[in-house]
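# Commentary on secondary and tertiary structure
Listed below are the residues making up each chain.
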Protein chains: 2
Amino acid sequence: MANKQMKITVVGAGTIGLSFAALHLTKNTDCTVTIFDTRQDLQQYVQQTLPGYLVDVDHDACMRRLSFSSKLEDAVKDAAIIQEQGPENPAFKIDIWPQIERHAPKDALLWSSTSGIPASQQSRDMQDKSRLVIVHPFNPPHIMPVLEVVPSPETSQVVVDRTMEYWRKHDRSPVVLQKECTGFVANRLAFALYREACSLVTQGVVSVEDLDEIVQTSMGPRWTVAGPFKSYHAGGGEGGLKSFMDKIGGTVQGCWDASEEDIRKGNISVGGGWEAHICRQTDAAYGVVDTADRDTKTRKVLEAVKN
Amino acid sequence: MANKQMKITVVGAGTIGLSFAALHLTKNTDCTVTIFDTRQDLQQYVQQTLPGYLVDVDHDACMRRLSFSSKLEDAVKDAAIIQEQGPENPAFKIDIWPQIERHAPKDALLWSSTSGIPASQQSRDMQDKSRLVIVHPFNPPHIMPVLEVVPSPETSQVVVDRTMEYWRKHDRSPVVLQKECTGFVANRLAFALYREACSLVTQGVVSVEDLDEIVQTSMGPRWTVAGPFKSYHAGGGEGGLKSFMDKIGGTVQGCWDASEEDIRKGNISVGGGWEAHICRQTDAAYGVVDTADRDTKTRKVLEAVKN
C-alpha cells in the first residue's frame, strides 16, 4: 500500500521537466505528479504541451494523476521524490534546496537534473547534504534510457541505492559515477567527438551532412550494441583490448596526434571563428529538424536492441 | 547483358576480404567473386569460413559463384572490380598496384580497403594514378553500411562516381571525403571519443562497463538516428546549431578544457602506462565477446532505422 499513489514533485516546467513528468506518469503507474513552476499560465501550458510526450498510453488517465502548484511548500509536501530542473544557475539551486528540505518529508529523494552544477555545490546551504544527488538525463529523458547518477562526496549510499532502484524498476538505465567531474560522462564523451567533427569539417575533409551520415552508419549502430571498450575488445579477437592496442596502437596515436594538430590549426575553441561556417552548413543541410520523427526512430532502435 | 556475371576480384582472404566477398555475393546477385591469396589452404579455408558471413541467403548458390586463384595475373584478368585488403604495409601496396594495373582490364575499378595508407602513396609506381581510390569499411563490412571513399588528388572523378554508384546500388552508404587525411573520418571521430573514454576511466570517474552502458543508452541510439551536427542543431530548437552554441557553448568549452587537462594528467597516449588498468578492467568485464550476437543485434538496429 505504501507505494500506492506515491507523489512525485517536478520542479520546473521546461522541456526536461515535462519530459520527466511524462516518464513518471507512463512508467510508474502508481504515482501522482505535481508540477511546480511560477509561470502564470502553468496549468494551461502543461495541459497543451504534455500530451505530446505521452506515447502509447491513455492520455486522460495520465492527466488525471497530474496536479499543479505555484507554491513550493505545498508542492513538495508529502512528496516521495522531488526532482529539480530549474534554471542552470548555481544561485537558484543553492537557494531552493534548503526551502525544499524544510518542507519535504525527511525520507523524500532529492534529485537535480543539472547538466553541470555538482551536488557538492548545490547542497552548500542544506542542513543535511547527504540527501541530494544529481540525476542527469540525455535529452529527452522520456525516450533516452541513460541517467547519470552523480553523488557528491557527502551523498549517502542509501540515497544512491534508492535512486538506482527507482529507475531500474521504471525502465531506465541509471549509471552511478564514482566521482564528480566537469560535464559528467555522457557530455564529455559526446563533446570530444563533436570537437573532432568540427575540426574535420573546418579542415575541409568532409561536409557536415556527410560526417553525420558516416556516424549514423558506423559508430551509431555499433555503439548502440556495444560501447567503445567492448567494441575494441571484440576487435582484438581472443587477445581482447590489449591485442587491439598492440596491433593498431600506432594508428590510434597517429589519429590523436593529427587531431591535436588540426584542432590547434583550426582554433577549435568556442568563439574561435570556425563556428559561422559550420552553423551555416548545418542550417543549409537540415533547416528545422523534425524531432518527432527522430524520436519515433529512436524508440524503434531502442526496441530493436532489447534482449 | 553487360553486367551479367561481372567478375569481382578480392585480393587478400583475411576477415575484411571474406566479409567483402560475402557482401558482393549477397547484395550483387549478378557477380562472380574470385579470391586471390597466396595461402596454401586457401580454398579449404574460405569454404569453411565464408558461410559464417552469409546470412539469410542460399549458401550453395553464393558458393557456386565463388572461385579461387593463387596467381595474381589470372585473378585480375577480366575483372570489373579489384578490391585489395592485403597487409597494412605501404611497400606491399605500392608493389602490387602496378602488377594489378598490368593485367586488369583498362576500365576495372581499383579499390583499397586500407585504414590509413592513402591512395596518393599507394599509387606511387602506377602508370595511371587516376584509377585508384580508397574504399574504407567499418568492420565488418558485410554488416556495417558505411564506406569511406577517399580519392587521392589524382583519382579521376569518373572512378569516384562509378564507385559511389556501385555501392549505392548494393545497399551500402558510401561517403566521399573531400581530401586525404590521417586515419580518415570514422576512425578519427571514434578514436577521439575513445581517448576521452580512456581518460575518464583512468581518472576514476567511471568504470569501463558503466561507460559502455552510458554510450549504449545515449549517444549510440541518438547517433544512429541523427549524427552529432543534426542532433545539436535539433537541440538548439528553431535557432538551430547557432542557438545551441550560444546557449551551452560555455559548458562545451568547459568540457574541452577539462578533457585536455585530464588527458595530460593521465598521460593518455599509446604506451602511456594507463593501458594495463583499462585492459584488465575490460577483460574482467567482457571475457571473449560474442560477435555473432553483436552482429545479429546490429542488423536489427540497422533494420529499425530504415525508412
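Residues numbered from 1 in each chain as written. Chains lettered and ligands numbered in written order. Predicted model: local features only at pLDDT ≥ 70, side-chain atom pairs only at ≥ 80, totals over all residues. Heavy atoms only, no water.

Cut-off, in case you're wondering: UniProt positions are given in the numbering used here, feature names are shortened, and annotations may be inferred rather than shown by experiment.
Identification of chain A as L-gulonate 3-dehydrogenase from Oleoguttula mirabilis is taken from an unreviewed UniProt entry. For chain A, the Subunit (unreviewed entry) comment in UniProt is given as "Homodimer."

## Quick notes on the overall build of chain A
Going by this rule: Numbering goes from the N terminus for both helices and strands, where a helix is a DSSP run of H or I of at least four residues and a strand is a run of E of at least two. The rule is simple: take the accessible area with a 1.4 Å probe, protein chains only, and divide by the maximum for that residue type; under 20% is buried, over 50% is exposed, in between is partly exposed. Throughout, a contact is declared for two residues whenever any of their heavy atoms are within 4.5 Å. Computed with a 1.4 Å probe, the accessible areas rest on the Shrake-Rupley method; for each residue, only the protein chains presented here act as cover. When charges are counted, Lys and Arg contribute as positive and Asp and Glu as negative, whereas His and the chain ends are disregarded. For charged residues, the charge sits on one atom: NZ in Lys, CZ in Arg, CG in Asp, CD in Glu.
Of regular secondary structure, chain A possesses 14 helices and eight strands. Dimensions of chain A along its principal axes, counting C-alpha atoms only, are 60 × 40 × 40 Å. Counting across all 307 residues of chain A, residues that qualify as buried make up 58%. Look at the contacts in chain A between residues 6 or more apart in sequence, and 70% of them connect residues 24 or more apart. On chain A, roughly 12,600 Å² of surface is accessible, and the fraction owed to carbon and sulfur atoms is 46%. Between the centroid of the 33 positive side chains of chain A and the centroid of its 39 negative side chains there is a distance of 4 Å.

## Some details on the pattern of salt bridges
Our working definition: Between Lys or Arg on one side and Asp or Glu on the other, a salt bridge is scored when a side-chain nitrogen of the former is within 4 Å of a carboxyl oxygen of the latter.
Taken as a whole, this structure holds 26 salt bridges over all chains when the rule is applied. Measuring nitrogen to oxygen at the nearest pair gives 3.3 Å for the salt bridge that ties Lys297 of chain A to Asp293 of chain A. Of this pair, Lys297 of chain A and Asp293 of chain A are both found in helix H14 (residues 291-305), four residues apart, which corresponds to roughly one turn of the helix. The salt bridge involving Glu88 of chain B is made with Lys93 of chain B; its shortest N-O contact spans 3.2 Å. Owing to a relative accessible area of 44%, Glu88 of chain B belongs among the partly exposed residues under this scheme. By relative accessible area, which is 1% here, Lys93 of chain B ends up buried. Residues joined by salt bridges that share partners form a network here, namely Arg188 of chain A together with Glu196, Asp262 and Lys265 of chain B.

## Section: the packing of aromatic side chains
Under the convention used in this document: Only rings of Phe, Tyr and Trp enter the pairing, Trp through its six-membered ring, and a pair is recorded when the two centres are within 6.5 Å. The plane angle decides the type: under 30 degrees is stacked, over 60 is edge-to-face, the rest tilted. Two limits define a charge over a ring: the Lys NZ or Arg CZ must be within 6 Å of the ring centre, and within 35 degrees of the ring normal.
With the rule as written, the count across this model stands at 20 aromatic pairs over all chains. Summarising the aromatic geometry, the rings of Tyr232 of chain A and Phe244 of chain A are spaced 4.5 Å apart at their centres and angled 20° between planes, so their arrangement reads as stacked. One end of the pair, Tyr232 of chain A, is in helix H11 (residues 228-235); the other, Phe244 of chain A, is in helix H12 (residues 240-266), with twelve residues separating them in the sequence. Here the two residues Tyr232 of chain A and Phe244 of chain A agree in accessibility, since each one is buried. Ring pairs connect the aromatic residues Phe191, Tyr194 and Trp274 of chain A together with Phe229, Tyr232, Phe244 and Trp256 of chain B, which therefore count as one cluster. Positioned above the aromatic ring of Tyr45 of chain A is the side chain of Arg39 of chain A, whose terminal nitrogen or guanidinium carbon lies 3.7 Å from the ring centre.

## Let's talk about the nonpolar core
To be explicit about the condition: Note on terminology: a nonpolar core comprises buried Ala, Val, Leu, Ile, Met, Phe, Trp, Tyr and Cys residues joined through side-chain atoms within 4.5 Å.
In this structure, Ile100, Met219 and Phe229 of chain A together with Ile100, Met219 and Phe229 of chain B are the most contacted members of the largest nonpolar core, which totals 124 residues. Phe229 of chain B has contacts with Tyr194, Ala197, Cys198, Val201, Val208, Leu211, Asp212, Ile278 and Thr282 of chain A together with Leu241 of chain B, leaving out every residue within four places of it along the chain. Formed by 33 residues, the second largest nonpolar core is a distinct cluster that contains Met6, Val33, Met63 and Met164 of chain A.

## Topic: the UniProt feature "site: Important for catalytic activity" (unreviewed entry) in chain A
All names here are of chain A. If you check UniProt for "site: Important for catalytic activity" (unreviewed entry), the listed places come out as His136 in our numbering. Mapped onto the secondary structure, His136 falls in strand E6 (residues 132-137). On the basis of relative accessible area, His136 is assigned to the buried category, the value being 5%. Once residues within four sequence positions are removed from consideration, His136 is found in contact with Ser112, Ser113, Thr114, Ser115, Val146, Leu147, Glu148, Phe184 and Asn187.

## Some details on the relation of the copies chain A and chain B
A rotation about some axis, followed by a shift along it, carries one copy of the chain onto the other. Rule in force here: Only residues with pLDDT of at least 70 in both copies contribute their C-alpha atoms to the least-squares superposition of the copies.
Overlaying chain A with chain B gives an RMSD of 0.0 Å, the required rotation being 180° about an axis along which the chain moves by 0.0 Å. Such a combination of rotation and displacement between the chain copies is what one expects of a two-fold axis. The residues that chain A uses at the interface reappear at the interface of chain B in 100% of cases, marking a shared surface.

## Thoughts on the packing of H12 of chain A against helix H8 (residues 184-202) of chain B
Two quantities define a packed helix pair, namely the angle between the axes and the distance from one axis to the other. Our working rule: Fitted lines through C-alpha atoms serve as axes, helices being fitted only where they are in contact, and the angles separating the N-to-C directions of these axes extend from 0 to 180 degrees. By the definition adopted for this analysis, an angle is roughly parallel if under 35 degrees, roughly antiparallel if over 145, roughly perpendicular if from 65 to 115, and oblique otherwise. Throughout, the ten residues Ala, Val, Leu, Ile, Met, Phe, Trp, Tyr, Cys and Pro are labelled nonpolar, Asp, Glu, Lys and Arg are labelled charged, and all others, Gly among them, are labelled polar.
Put simply, H12 of chain A and H8 of chain B touch, their axes get as near as 9 Å, and they point 100° apart. When the axes of H12 of chain A and H8 of chain B are compared, the pair comes out roughly perpendicular. In terms of residue class, the contact of H12 of chain A with H8 of chain B is made up of eleven nonpolar, three polar and four charged.

## Observations concerning the sheet that holds strand E8 (residues 173-176) of chain A
All names here are of chain A. Threshold: When DSSP finds at least two bridges between two strands, those strands are taken to pair.
Strand order in the open sheet made by the eight strands is E3-E2-E1-E4-E5-E6-E7-E8, with mixed pairing throughout. Taken across any chain shown, the strands that pair with only one partner, and hence form the sheet edges, are strand E3 (66-69) and E8. Strand-to-strand twist across the sheet, computed as the mean angle between neighbouring axes with direction ignored, equals 25°. The strands touched by helix H2 (residues 42-49) are strand E2 (31-36) and E3; relative to E3, the strand with the most contacts, the crossing angle is about 150°.

## Here we look at H8 of chain B
Each full turn of the α-helix corresponds to 3.6 residues, which orients residues three or four apart in the same direction. All names here are of chain B. Threshold: A helix is expected to span 1.5 Å multiplied by its residue count minus one.
Under the 1.5 Å per step criterion, the end-to-end length of H8 is 27 Å for 19 residues, consistent within 8% with the ideal 27 Å. Counting buried residues in H8 gives 18 out of 19 residues, a clear majority hidden from the surface. Phi turns positive, to about 80°, at Gly204, one or two residues after H8.

## Notes on the environment of Thr224 of chain A
Cut-off, in case you're wondering: Pairing of N or O atoms within 3.5 Å defines a polar contact, subject to two protein rules: one partner must be a possible hydrogen donor and the other a possible acceptor, and residues neighboring in sequence count only if both atoms are side-chain atoms.
You can see Thr224 of chain A is positioned in helix H10 (residues 219-225). When the C-alpha atoms of Thr224 of chain A and Val301 of chain A are compared, they prove to be 8.4 Å apart, with 77 residues separating the residues in sequence. Contact partners of Thr224 of chain A, with chain neighbours within four places excluded, come to Met219, Val301 and Val305 of chain A together with Gln216, Gly220, Pro221, Thr224 and Val301 of chain B. At a separation of 3.1 Å, a polar atom in the side chain of Thr224 of chain A contacts the main-chain carbonyl oxygen of Gly220 of chain B.

## Quick word on the interface of chain A and chain B
The cut-off we apply is this: Buried area, as used here, totals the accessible surface that two parts lose on assembly, with accessibility defined by a 1.4 Å probe and the loss added over both.
With 99 residues of chain A at the contact, the number on the chain B side is 99 residues. With both sides pooled, the region where chain A packs onto chain B buries about 9,700 Å², and carbon together with sulfur makes up 73% of that total. Between chain A and chain B we count six salt bridges in total. For Arg195 of chain B, the salt bridge is made with Glu260 of chain A, and the minimal N-O distance between the two is 3.1 Å. For the pair chain A and chain B, the interface holds 29 residue pairs in polar contact (both at pLDDT 80 or more). The element contributing the most residues to the side of chain A that touches chain B is H12 of chain A, with 16 residues. Among the residues forming the side of chain A that touches chain B, the class breakdown is 55 nonpolar, 26 polar and 18 charged.

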